Amino acid sequence: MLTEQDYKDGQIILIDKPLQWTSFQVVNKLRWAIRKNFGIKKIKVGHAGTLDPLASGLLIICTGKFTKRIEEFQGQAKEYIGTITLGATTPSYDLETEIDQTFPIDHITENNIKEATSHFIGEIEQYPPVFSALKKDGKRLYEYAREGSAVEIKPRKITIAQFEITRIALPEVDFRVVCSKGTYIRSLAHDFGKTLNSGGHLTALRRTRIGAFSVENATNMESFIEQLPAKIKTT
């Protein structure tokens, strides 16, 4: 059984983040549970890499002194599986916003789809979505987007080590990708649609691996909270 001191000295907690939860909400929930369970006022808790609310999967949570290792984990390669829906785009590149444009898909073949992945392998330049938490001039990009303000976004260099198509059932295309820190899978979905002379947006996403850590070894928040030992009261 882990003690209060164990969490202060540092623990790595692998959480399978549910849909609709922000990474920040998961951190707050676990911090609250640890504090309440042990009756402590303060403990450091942080996550090593944000997952969007519309994505599920592996979230590495660090406590206590291990929060100093967050940057180390953030820099490791990540694996995702998901679904790109071709023939339409959205401003956010996913389901957060409504479809704004539609495109034909009749010309797209299985060979086209599999060949298109080669355009994204290796080090590439990628434009982050305007609906993202990146900051420009002290303001989040999504704040500009919600205001309808035009903002210049500069591309960033990222690396995609693997991009595999696992199912084709047009308009849906399932994939698995292994990529570097800073990669936006939403942007990949958008750019993939463009490469096929159509449109595309992300309709499902799950993070399955960060470095050597796998979602198969993760627990859900409820299970983690239930296994916290009750603090032993002394008289």
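Residues numbered from 1 in each chain as written. Predicted model: local features only at pLDDT ≥ 70, side-chain atom pairs only at ≥ 80, totals over all residues. Heavy atoms only, no water.

Thoughts on the environment of Pro-128
- Examined against the element boundaries, Pro-128 turns out to sit in the loop between strand S7 (122–126) and strand S8 (135–136).
- Put simply, Pro-128 and Leu-188 are 60 residues apart on the chain and 9.3 Å apart in space, counted from C-alpha to C-alpha. (Helix = DSSP H or I, 4+ residues; strand = E, 2+ residues; numbered from the N terminus.)

Description of the pattern of salt bridges
- Following the criterion strictly, the structure yields nine salt bridges and no others.
- Among the ionic pairs, Arg-186 bridges to Asp-52, the shortest N-O distance being 3.1 Å. Here Arg-186, found in helix H6 (residues 185–195), pairs with Asp-52, found in the loop between strand S2 (45–47) and strand S3 (56–63); they are 134 residues apart in sequence, far enough to count as distant.
- The class for Arg-186 is buried, based on a relative accessible area of 5%.
- Linking Asp-174 and Arg-167 is a salt bridge whose minimum nitrogen-to-oxygen distance equals 2.7 Å. (Salt bridge = Lys/Arg side-chain N within 4 Å of Asp/Glu carboxyl O. Buried < 20%, exposed > 50% of the residue type's maximum accessible area, 1.4 Å probe, protein only.)

Remarks on the environment of Lys-42
- With respect to the element layout, Lys-42 can be found in the loop between helix H2 (23–38) and S2.
- In sequence terms Lys-42 and Gly-64 are 22 residues apart; their C-alpha atoms lie 9.7 Å from each other.

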